[in-house]
Amino acid sequence: MKRIILSVLCICWFTWTSRGQNIWAFGSFAGLDFTTGNPVPIQTAIHGPVYFTGVGFVEGSASVSNANGLLFYTEGSTIWNKQNIPMPNGTNLTGLQSYYTGAPPQLALEPTSSTTQAAAIVQVPDTPYKYYVFSLSQRELGIDAGRLYYSVVDMTLNGGNGDVVPGRKSILLDTGLTEKMTVTVGDRCNVWLLVHSGWNNAFKAFEITDAGFNPSSVISFCGGFTGNDYMSGVMKVSPDRKKLLTCNINAGAEIYDFDAATGIVSNPLALNYSVLAWGGCYGGTFSPDNSKVYAIEIGNRVYQYDLTSGVPATIKASRTSVGNATLFSDMKIAPDNKIYFFPANPGTLSRINLPNAVGTACQVVQNVVSLLPGTDHTLGLPNEVAILNKDTIDTKQPIRVCFKDSLTLKVASDGWDYKWNNGSTDTEMVVTQSGMYSVVFYTPPCVLHRDTFLVTFDGHMPAVGSKPGCRYDSLGMAWATPMQADTTAYTYEWYDANNTNIKLTVNSSTGDTLSNTKSGSYTLIIRTMGGCDTSVTVVIPPPPPRPVIVADTVICQQDTVYLQSLPSGFLSYLWDFGDGTASALEDPAHAYANPGVYQVRLFIQTAEFCYDTATISITADTIPSVSFTTDRASLCEGQGIICYPTYTTGAEYLLWTFNGITDSAAGLLNSTYASDTPGLLTIVMTAAYRACRDTSFSTVINVFPYPLVNLGPDDSICLNGEAVVLFNHTKSPDSSKLLWSTGDSSSSLRVRHPGSYSLTVTSKDGCSTADSIEVLKNCYIDIPNAFTPNGDGLNDYFLPRQLLSSNLTRFHMAIFNRWGQMVFETLRIDGRGWDGRYNDVAQPEGVYIYLIEAELDGQITEKYHGNVTLLR
């Protein structure tokens with residue numbers, strides 16, 4: 001379904017601030033009349049008690065006028081009518097006592113005389129002859145400071161001069177407020193009264209609607225200063241109602257975002273903070289186009305801030321001094337879109353001629369307006385006045401819809417209470433038939449729209465299609481077919497990519513076809529007799545590419561192979577799997593029962609009368625079978641075993657594990673392993689194949705321990721002495737076989753001669769362990785081959801006495817030098833031996849010959865001879 005969206009744009013106008021108020025009353029008896037376009041000074045009755053130099057003192061005021069002239073004005077305590085006379089019930093609007101400054105009572109200030117924004121005026125919605133007048137008491141009143149009251153003025157009373165409605169006067173609304181107060185129109189046929197609470201540093205927004213005054217406020221805790229900093233100084237809403245400004249005499253200027261739909265204040269930005277008491281900012285305002293903020297700050301200078309960037313740092317950096325002023329002066333946009341403020345000179349006003357311009361181009365002109373004699377400004381200019389005009393806009397639009405089957409009527413989306421003639425409450429309505437359609441809704445701030453649309457549908461879009469040619473001829477076609485029951489005669493014009501007309505069919509009610517045409521982009525223009533025409537782009541696709549089969553080319557026997565044709569979406573498919581089976585699915589799956597190489601063919605219909613084929617070869621591997629044998633059925637601890645694999649052809653590698661330990665170095669060859677741990681040895685061989693799943697074979701081999709043999713420590717024996725008995729200190733199982741090195745197989749061996757003896761124990765599993773022992777000769781003399789008779793107490797004597805057997809019964813030793821001369825002789829077995837002297841003379845270093853004869857046990861005589869070296 002084709003759709004067209006029609007957006008209905010509305011221009012809304014309304015008056016809501018003192019910019020629409022042509023007559024101002026302020027200060028002491030002062031006023032300005034902008035009725036002619038230029039400010040004309042006038043005299044009013046507004047004043048406070050005589051103060052300072054005999055001039056009446058009024059800080060804040062409000063005045064309201066209409067097309068017929070001035071209606072009334074007030075400084076918060078008294079209301080003067082257009083005849084400059086207090087309304088009969090229009091005095092003492094707060095009901096509070098006057099403020100005395102130590103002067104006589106006749107010099108006392110009214111309770112609102114010293115309030116920055118002492119008064120504000122709001123026209124009662126839907127009742128244009130009634131007004132709310134708000135009064136705010138000044139900070140000097142102590143416990144009565146910051147009290148907010150409202151009264152209701154009825155302009156039909158007092159002969160059309162207006163008066164405060166009895167019983168609707170001095171109604172307390174709130175307390176604990178600073179001296180800031182302003183009004184603005186909201187976004188839902190409502191008005192916001194904005195004040196600032198000093199004790200909790202918050203903004204309060206009271207809503208005024210047709211239903212009346214809502215005493216419950218919307219509270220926004222927002223601002224970077226302390227509560228006392230906000231006490232004095234003006235508060236202003238930007239002309240577009242999206243920003244809020246506060247000037248704070250104890251701190252500086254601060255701006256915020258303001259939501260006219262909810263009354264919420266947010267995102268504070270301090271423009272220039274001053275810590276000097278009474279040195280911040282008192283007066284300020286926005287430019288008419290909302291792009292600038294002006295503030296009178298310390299040094300009696302007017303500063304401009306440029307808001308266009310939206311970046312806080314850039315806004316603060318744009319601070320530019322554009323002219324002089326008096327510090328305690330308000331600033332206000334006038335009906336002439338210029339900004340007025342007070343210079344240092346009394347009796348005059350200064351002006352910013354081009355407040356939307358950047359920097360000094362705004363043109364500050366000093367003392368441009370002179371007030372009438374006997375009148376003067378004090379601090380403030382009239383506060384804002386909120387007058388909500390409920391405007392009505394009626395629109396009627398004829399709409400002709402060409403070649404569309406639907407139309408979306410869409411109106412402004414920022415409104416509310418949408419009511420279409422079909423009952424819809426949305427911002428848009430879809431229509432499919434000719435006819436009259438209407439909608440009623442509101443847009444901000446309070447504009448009633450009544451929009452009517454006369455819709456006429458002309459022509460129905462024929463169905464347009466195309467199809468490609470075959471791959472081998474590349475000729476396609478395109479067509480346009482009217483809707484069923486549409487008998488309209490259409491003219492069809494076909495153009496190629498070069499904008500060349502290639503076919504024209506005039507006044508056809510059956511449609512049109514472009515045949516035998518190459519692929520590409522074409523333009524079809526469809527016209528009606530009534531003058532409607534439309535242009536459609538028709539693309540004849542290129543012939544489909546030759547299909548390609550995507551699948552695994554190697555699979556395992558009986559596994560499933562998944563086949564896919566690319567591209568997809570052909571008209572029909574026929575698969576021949578090469579094993580006598582077939583399928584008409586687009587993406588089939590198939591399993592081959594037997595191994596082999598299969599040729600798969602695909603037959604497809606790509607378009608009407610167009611066909612194509614594709615082939616692929618698939619190999620189905622045999623399901624693998626693997627096993628292995630070993631060179632022995634069991635092992636003794638520490639023995640090696642050789643594994644001989646057997647496997648189906650096609651394995652890529654073998655993986656061996658021995659009790660979980662992997663040996664991957666064997667490749668496809670034998671594997672050898674030695675187990676040093678008795679018990680069961682599990683051997684697993686896994687064969688990895690290219691397509692088939694890994695296949696494993698395993699077996700378990702017994703690894704038997706070696707028997708334990710321990711003949712004990714080496715022993716000794718003396719000739720003809722008692723025999724030494726050798727045996728296995730570790731008991732061998734009865735099934736074990738014992739074999740001594742002597743050939744004996746008994747459990748023990750009696751030894752009578754020195755020598756080396758061993759025992760081999762063989763378990764019933766065939767594992768053998770041997771141990772050996774050395775039987776030494778116990779009857780001998782151990783003779784040293786050198787000594788050092790140098791008196792150091794070590795090896796000073798040559799005599800094997802300390803090594804002689806304890807059973808020595810007779811001993812004789814003689815020492816000869818190399819010439820055969822005997823240099824020492826002893827028969828004593830307890831002597832010290834030779835000290836290297838002969839006839840008490842130390843003999844030279846060298847080799848000497850010894851002869852020793854020893855008798856053992858009184859029956860065995862042994863003789864020894866050899867060399868000993870004398871060293872010094």
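All of these numbers come straight from a predicted model, not from anything done at the bench.

Another point: the overall build of the protein chain. Scanning the protein chain from N- to C-terminus turns up 1 helix and 75 strands. A globule of 872 residues ought to have a C-alpha radius of gyration of about 29 Å, yet the protein chain, at 61 Å, is considerably larger. Across its three principal axes, the protein chain shows a C-alpha extent of roughly 170 × 100 × 50 Å. Among the 872 residues that make up the protein chain, the fraction classed as buried is 48%. Long-range pairs, those at least 24 residues apart, make up 55% of the contacts in the protein chain between residues at least 6 apart in sequence. Counting 54 positive and 76 negative side-chain charges, the protein chain places the centres of these two groups 6 Å from one another.

Attention shifts here to the state of the cysteines. Overall, the coordinates contain 5 disulfides when judged by the stated rule. One disulfide in the model links Cys402 with Cys532; its S-S distance is 1.9 Å. One quick way to see it: the torsion about the S-S bond of Cys402 and Cys532 is about -55°, and its sign makes the bridge left-handed. One end of the pair, Cys402, is in strand S33 (residues 391-402); the other, Cys532, is in the loop between strand S44 (520-527) and strand S45 (533-540), with 130 residues separating them in the sequence. Of the residues examined, Cys402 reaches a relative accessible area of 25% and is grouped as partly exposed. Covalent S-S linkage joins Cys470 and Cys610, the inter-sulfur distance amounting to 1.5 Å. A torsion of -85° about the S-S bond marks the disulfide between Cys470 and Cys610 as left-handed. With a gap of 140 residues between them, Cys470 in the loop between strand S39 (463-467) and strand S40 (475-481) and Cys610 in strand S54 (residues 610-621) connect regions that are remote in the sequence. Like Cys610, Cys470 is buried.

What follows covers the sheet that holds S39. The 3 strands lie next to each other as S39-S40-S43, forming an open sheet whose pairing is antiparallel. At either margin of the open sheet sits one strand with a lone partner, and together these are S39 and strand S43 (512-518). Ignoring strand direction, the axes of neighbouring strands in this sheet form an average angle of 10°.

Judged by nonpolar contacts, the single largest core of 26 residues is most densely connected at Tyr132, Phe134, Leu148 and Leu193. Listing elements by their share of this core, those giving two or more residues are strand S10 (119-123), strand S11 (130-136), strand S12 (148-154), strand S15 (177-185), strand S16 (191-197) and strand S17 (202-209). Here the element with the most residues in this core is S15; it accounts for 4 residues. Ignoring anything within four residues of it in the chain, the contact list for Leu148 reads Phe134, Ser135, Leu136, Ile171, Leu172, Leu173, Asp174, Leu177, Met181, Leu193, Val195 and Phe206.

To continue, consider the side chain of Thr178. Counting through the fold element by element, Thr178 comes out in strand S15. Residue Thr178 is classed as buried on the basis of its relative accessible area of 0%. In this structure Thr178 touches Leu136, His196, Ser197, Gly198, Gly227, Tyr230 and Met231, once residues within four positions along its chain are discounted.

So, on to the environment of Thr500. Tracing the backbone through its elements, the reader meets Thr500 in the loop between strand S41 (490-495) and strand S42 (501-508). By relative accessible area, Thr500 is classed as partly exposed at 40%. With 23 residues separating them along the chain, Thr500 and Thr523 place their C-alpha atoms 9.7 Å apart. Every residue in contact with Thr500, bar those within four places of it in the chain, is listed here: Trp494 and Tyr495.

Attention now moves to empty space enclosed by the protein. Applying the stated rule across the entire model yields 2 cavities of 30 Å³ or more. Taken together, 13 residues line the second largest cavity, and the ones lying closest to its centre are Thr116, Gln117, Asp330, Leu381 and Asn383. For the lining of the second largest cavity, the class distribution of residues is 5 nonpolar, 6 polar and 2 charged.

A word on the sheet that holds strand S7 (residues 62-66). Spatial ordering of the open sheet is given by S7-S8-S9, a layout of 3 strands whose pairing is antiparallel. Across the chains shown, the open sheet's two edge strands, defined by having one partner strand only, are S7 and strand S9 (79-81). Shown here is a sheet whose adjacent strand axes are inclined to one another by a mean of 20°, direction ignored. Two elements, strand S8 (residues 69-74) and S9, share 3 bridges in a ladder whose sense is antiparallel. Across the sheet, Tyr73 pairs through a bridge with Trp80, a residue of S9.

For the structure on display, the rule yields 31 aromatic pairs. Summarising the aromatic geometry, the rings of Tyr592 and Tyr598 are spaced 4.1 Å apart at their centres and angled 20° between planes, so their arrangement reads as stacked. Classification of Tyr592 as buried rests on a relative accessible area of 1%. Taking relative accessible area as the criterion, Tyr598 reaches 12% and is therefore assigned buried. Three or more aromatic residues joined by ring pairs form one cluster here, namely Tyr132, Phe134, Tyr150, Phe206 and Phe213. Its guanidinium or amino end placed over the ring of Tyr303, Arg319 lies 3.7 Å from that ring's centre, counting from NZ or CZ.

Criteria and cut-off values
Residues numbered from 1 in each chain as written. Predicted model: local features only at pLDDT ≥ 70, side-chain atom pairs only at ≥ 80, totals over all residues. Heavy atoms only, no water. Helix = DSSP H or I, 4+ residues; strand = E, 2+ residues; numbered from the N terminus. Rg over C-alpha atoms; globule rule 2.2 N^0.38 Å. Buried < 20%, exposed > 50% of the residue type's maximum accessible area, 1.4 Å probe, protein only. Contact = heavy atoms within 4.5 Å. Lys, Arg positive; Asp, Glu negative; His and termini not counted. Charge placed at Lys NZ, Arg CZ, Asp CG, Glu CD. Disulfide = S-S within 2.5 Å. Pairing = 2+ DSSP bridges. Axes fitted to C-alpha atoms, helices over the stretch in contact; angles between N-to-C directions. Core = buried A, V, L, I, M, F, W, Y, C linked by side-chain atoms within 4.5 Å. 1 Å grid on protein atoms, 1.4 Å probe; cavity = no way out; pocket = protein on both sides within 12 Å on 5 of 7 lines; lining within 4 Å. Points joined across faces, edges and corners; volume = space filled by probe spheres on them. Nonpolar A, V, L, I, M, F, W, Y, C, P; charged D, E, K, R; others polar. Phe/Tyr/Trp six-rings, centres within 6.5 Å; stacked < 30°, edge-to-face > 60°. Lys NZ or Arg CZ within 6 Å of the ring centre and 35° of its normal.

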